[in-house]
Protein chains: 2
Amino acid sequence: MRIGVIGSGALGLYYGALLQRDGHDVHFLLRRDYQAIRQTGLTVTSPRGDFHLAGVNGYQNSAQIGPVDLALVGLKAYANSHLVDLTRPLVAPGTSILTLQNGLGNEDLLAAAFGSEKILGGTAFLCCNRGQPGTVHHLDQGAMRIAECVGGLSARAEQLAESFRRAGIPCEACVDLNKIRWEKLVWNIPFNGLCALTGLATDRLLACPEARKMITEMMQEVVAAANRQPLTTPIAGDAFIARMLHLTSGMGPYRPSMMVDRLQGSPLELEAIYGVPLQRAAAVATPMPRVAMLHALLAATEPQAL
Amino acid sequence: MRIGVIGSGALGLYYGALLQRDGHDVHFLLRRDYQAIRQTGLTVTSPRGDFHLAGVNGYQNSAQIGPVDLALVGLKAYANSHLVDLTRPLVAPGTSILTLQNGLGNEDLLAAAFGSEKILGGTAFLCCNRGQPGTVHHLDQGAMRIAECVGGLSARAEQLAESFRRAGIPCEACVDLNKIRWEKLVWNIPFNGLCALTGLATDRLLACPEARKMITEMMQEVVAAANRQPLTTPIAGDAFIARMLHLTSGMGPYRPSMMVDRLQGSPLELEAIYGVPLQRAAAVATPMPRVAMLHALLAATEPQAL
């Protein structure tokens, strides 16, 4: 496949590197890592084996990439005002657009611009941070899950998932995008925000009994709001929460992406991870008071609020 | 009156200085400020007029103070394991003990040791911070309110309030200690913890619409729990909350005592301001979820938790 990666943070660089290593024709829209990758290529460190790609197609302008079979979107949601313009040059009649961005609302922007039948969404339980320019540190991963924006299980989604698996990316095609998005939020809403707010990695929070209880209660709020949305099947609350907590314990001192954003002085993905989910919860009369409080604390401590 | 001040932080030093200036025989148990006050006395800066006391009775051991008419307790509640031992040498048959400490549970400790009929409690809306050793900066104040631990309006409480007013401390004797404690918590619970957690002064929090909403909701939780306690009359929720917010707006960029404690690396008064109130709310089946969440965030970020 000819693949364009829009938003080459840790996630975009890592998945793009695996796909290129498997023989796909990958083109990266780069910002921070442009000079380094043009000069020395892209290095991935991983417990599954380090590797280096010497020849990497990097660009500073997505018009230079041109039409692709698959546009892989990993842009930070706080940059969504640029999302459509950055993606447009990659889109031709046969193009699929897969957004792996966090939170809710990203597909809607893409669907409004390019038509919902072009769009897939996905979630990735990926522990991955950027290192020096040109280097990505892959720490751990769970499965990627992808689904059609229009719903239902498609041959296209199955084929994409198969291509990803061949490239070393565990991936499952799913029937309900809304459900996988909300399931991801059950993790993202407590851990991203609490780690960003407190400066504590996931293991420190889980080691504090009061914080662990609070995390569990926030997860219960998210599950309750999710299960009032039009999902194909409900999220299995307690079992799913127990699995998320167990999975997180195994991640050690992990710094979620929002904590990394705050530590490096970047904006936070507040609207996609908190604002839109809170609106959708309110729309079904299932308030999430603890989530709203975390949102308020994060908003109050954003630099532009000070 | 012969007065002993136990816990000479900003509050103890300020009230003690006013009482000494008015002619009372005041004796301070000192720690941080001992050397400075022995050498150069005590300085108060205040919009109501600065003043300096040259001869101040300061001690490092409360046995040197001996029996007093009034023991004024301003000890940080996190040091309550020493409260009874520090107070005991001051107590004689005619002694009154007035604790102005924050939160709930302080009177119970004193009553168990010395008998509840000796004990009064009080709250002070006082904006006051310590400066260099030997200096207290008084910024603003509302009324002190005091009441008998055993309940009811006593001649003793009225006389004490009158002495305080003569010394320049606005003070009102009240009938219901439990009510004035809970009313103070309506302010202390949101502002002390949120400012300590975020590092933002009160004006910054109130300027953020999400944070202002969260503060209002936390105040509503505290009022609801308070009004299930055995109060003589309920707290007038919305009107009282509106008054607290208005009063706080007038305080400018105020740093509550818990924020000061955290900035200087001291422990926080978590048990008195959060732990005990949460237990009493739970005991009347009126949970305070936002308050519990703030408690958890503060507990998780305490140094000993890290």
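Per chain, residues are indexed from 1 in the order of the written sequence. Following the order in which they are written, the chains are lettered starting with A and the ligands numbered starting with 1. With pLDDT at 70 or above as the cut-off, local features in this predicted model cover only qualifying residues; side-chain atom pairs require 80 or more to be listed or tallied, and sums for whole chains, interfaces and linings still use all residues. Neither water nor hydrogens contribute to the side-chain values; these are computed over all heavy atoms in the structure.

Concerning the nonpolar core
Thought 1: One finds Tyr 274 and Leu 298 of chain A together with Tyr 274 and Leu 298 of chain B to be the most contacted residues of the largest nonpolar core, which totals 104 residues.
Thought 2: Should any heavy atoms of two residues lie within 4.5 Å, those residues are counted as being in contact. Not counting the four nearest positions on each side in its chain, Tyr 274 of chain B is found in contact with Asn 188, Ile 189, Asn 192, Gly 193, Met 258, Glu 269, Val 291, Leu 294, His 295 and Leu 298 of chain B. Throughout this description, the term nonpolar core refers to a set of buried Ala, Val, Leu, Ile, Met, Phe, Trp, Tyr and Cys residues connected via side-chain atoms within 4.5 Å. A simple rule labels every residue: compare its accessible area, found with a 1.4 Å probe on the protein chains alone, to the largest value its type can have, and call it buried under 20%, exposed over 50%, or partly exposed in between.

Points about helix H6 (residues 177-198) of chain B
Residues and elements named next belong to chain B.
Thought 1: For H6, with 22 residues, the first-to-last C-alpha span of 31 Å sits near the 32 Å given by 1.5 Å per residue.
Thought 2: Two axes enter the definition of the bend at a residue: one is fitted to the seven residues ending there, the other to the seven starting there, and the bend is the angle between them. Counting from the N terminus, the helices are DSSP H or I runs at least four residues long and the strands are E runs at least two residues long. Within H6, the axis deviates most sharply at Asn 188, by approximately 35°, and proline Pro 190 lies no more than four positions further along.
Thought 3: With 21 of its 22 residues buried, H6 lies for the most part within the structure.
Thought 4: Polar contact criterion, stated in full: a pair of N or O atoms within 3.5 Å, where within protein one must be able to donate a hydrogen and the other to accept it, and residues adjacent in sequence count only if both atoms are side-chain atoms. The N-terminus of H6 is capped by Asp 176, whose side-chain oxygen sits 3.1 Å from the backbone nitrogen of Asn 178.
Thought 5: Positive phi appears at Gly 199, one or two residues downstream of H6, with a value of about 75°. An expected span of 1.5 Å times one less than the residue number is assigned to each helix.

Some points on the packing of helix H12 (residues 289-300) of chain A against helix H12 (residues 289-300) of chain B
Thought 1: Every axis in this analysis is a line fitted to C-alpha atoms, fitted for helices over the stretch in contact. Angles between the N-to-C directions lie between 0 and 180 degrees. Put simply, H12 of chain A and H12 of chain B touch, their axes get as near as 9 Å, and they point 50° apart. With respect to H12 of chain B, the axis of H12 of chain A lies oblique. The chirality of how H12 of chain A crosses H12 of chain B is right-handed. In this structure, H12 of chain A contributes Pro 289, Arg 290, Met 293, Leu 294 and Leu 297 of chain A to the contact, and H12 of chain B contributes Pro 289, Arg 290, Met 293, Leu 294 and Leu 297 of chain B.
Thought 2: Class assignment of the residues belonging to the contact of H12 of chain A with H12 of chain B gives a composition of eight nonpolar, no polar and two charged. Roughly parallel means an angle under 35 degrees; roughly antiparallel means over 145; roughly perpendicular covers 65 to 115; every other angle is labelled oblique. The handedness criterion is simple: a crossing whose near helix is rotated anticlockwise from the far helix by less than a right angle is left-handed, and one whose near helix is rotated clockwise is right-handed. Amino acids outside the nonpolar list (Ala, Val, Leu, Ile, Met, Phe, Trp, Tyr, Cys, Pro) and the charged list (Asp, Glu, Lys, Arg) are all regarded as polar, and Gly is one of them.

So, the relation of the copies chain A and chain B
Superposition of the two copies of the chain requires a rotation about an axis and a shift along the axis.
Thought 1: Least-squares fitting of one copy onto the other uses the C-alpha atoms of those residues that reach a pLDDT of at least 70 in both copies. When chain A is brought onto chain B, the operation consists of a screw motion whose angular component is 180° and whose axial shift is 0.0 Å, with 0.0 Å RMSD remaining. Both copies of the chain, as the preceding transformation shows, are related through a two-fold rotation axis. Considering only C-alpha atoms, the residue of chain A closest to the rotation axis is Arg 290 of chain A, which sits at 3.1 Å.
Thought 2: Taken together, the interface assignments show that 100% of the residues at the interface of chain A recur at the interface of chain B, consistent with an identical surface on both copies.

What about the pairing of strand S6 (residues 70-73) of chain A?
Residue and element names in this part refer to chain A.
Thought 1: Side chains Leu 70 and Leu 72 of S6 all project onto a buried face; the interleaved residues Ala 71 and Val 73 project onto the opposite face, where all are buried too.
Thought 2: Only strands joined by at least two bridges in the DSSP assignment are considered to pair. Sheet topology note: the strand S1 (residues 2-6)/S6 ladder contains four bridges and is parallel. Residue pairing in the sheet places Val 5 in a bridge with Leu 72 of S6.

Points about the interface of chain A and chain B
Thought 1: Listed as interface residues are 21 residues of chain A and, on the opposing side, 21 residues of chain B.
Thought 2: When two parts are put together, the accessible area they lose, computed with a 1.4 Å probe and summed over both, is reported as buried area. At the boundary of chain A with chain B, total buried surface from both sides reaches about 2000 Å², with 85% on carbon and sulfur atoms.
Thought 3: Salt bridges are counted wherever a side-chain nitrogen of Lys or Arg sits within 4 Å of a carboxyl oxygen of Asp or Glu. Where chain A touches chain B, the interface holds zero salt bridges.
Thought 4: Taken together, chain A and chain B are joined by zero residue pairs in polar contact (both at pLDDT 80 or more).
Thought 5: Of all the secondary structure elements, the ones that give two or more residues to the side of chain A that touches chain B are helix H6 (177-198), helix H7 (202-207), helix H8 (209-226) and H12 of chain A.
Thought 6: When the residues that make up the side of chain A that touches chain B are grouped by side-chain class, the tally is 16 nonpolar, two polar and three charged.

A word on the domain arrangement of chain A
Residues and elements named next belong to chain A.
Thought 1: For the purposes of this description, domain bounds are those given by an automatic or database domain assignment. For chain A, the assigned domains are domain 1 (2-175) and domain 2 (178-305).
Thought 2: Of note, the centres of domain 1 and domain 2, computed from C-alpha atoms alone, are 23 Å apart.
Thought 3: Taken together, the contacts link 28 residues of domain 1 with 26 residues of domain 2.
Thought 4: Looking only at domain 1, the three residues that lose the most surface to domain 2 are Asn 102, Leu 104 and Phe 125, adding up to 35% of its buried area.
Thought 5: Taken together, domain 1 and domain 2 are joined by four salt bridges.
Thought 6: In this structure, Lys 76 and Asp 261 form a salt bridge, with 3.1 Å as the shortest nitrogen-oxygen distance.
Thought 7: Counting the contacts that link domain 1 with domain 2 gives 12 residue pairs in polar contact (both at pLDDT 80 or more).
Thought 8: Counting residues per element, the side of domain 1 that touches domain 2 draws most heavily on strand S8 (residues 119-130), at nine residues.
Thought 9: Partitioning the side of domain 1 that touches domain 2 into residue classes produces 14 nonpolar, nine polar and five charged.

Focus on the environment of Gly 121 of chain A
Thought 1: With respect to the helices and strands, Gly 121 of chain A occurs in strand S8.
Thought 2: Each residue touching Gly 121 of chain A, except ones within four places of it in the same chain, is listed here: Leu 98, Thr 99, Glu 107, Arg 145, Ile 146, Ala 147, Leu 177, Ile 180 and Arg 181 of chain A.

Observations concerning the confidence of the model for chain A
Thought 1: Think of pLDDT as the predictor's per-residue confidence, scored from 0 to 100. For chain A, the average pLDDT comes to 95, and 99% of its residues sit at 70 or higher.
Thought 2: Interface confidence for the predicted complex, given as ipTM, is 0.83, next to a pTM of 0.88.

Quick notes on helix H4 (residues 106-114) of chain A
All names here are of chain A.
Thought 1: Asn 106, Glu 107, Leu 110, Ala 111 and Phe 114 are the residues of H4 that are buried. Along H4, the residues classed as buried sweep out an arc of 120° about the axis, all on the same side.
Thought 2: Of the surrounding secondary structure, the elements contacted by the buried residues of H4 are helix H3 (83-87), strand S7 (96-99), S8 and H6.
Thought 3: One or two positions beyond H4, positive phi appears at Gly 115, with a value near 95°. Working definition: the arc comes from the directions between the helix axis and the C-beta atoms, pointing outward to the latter.

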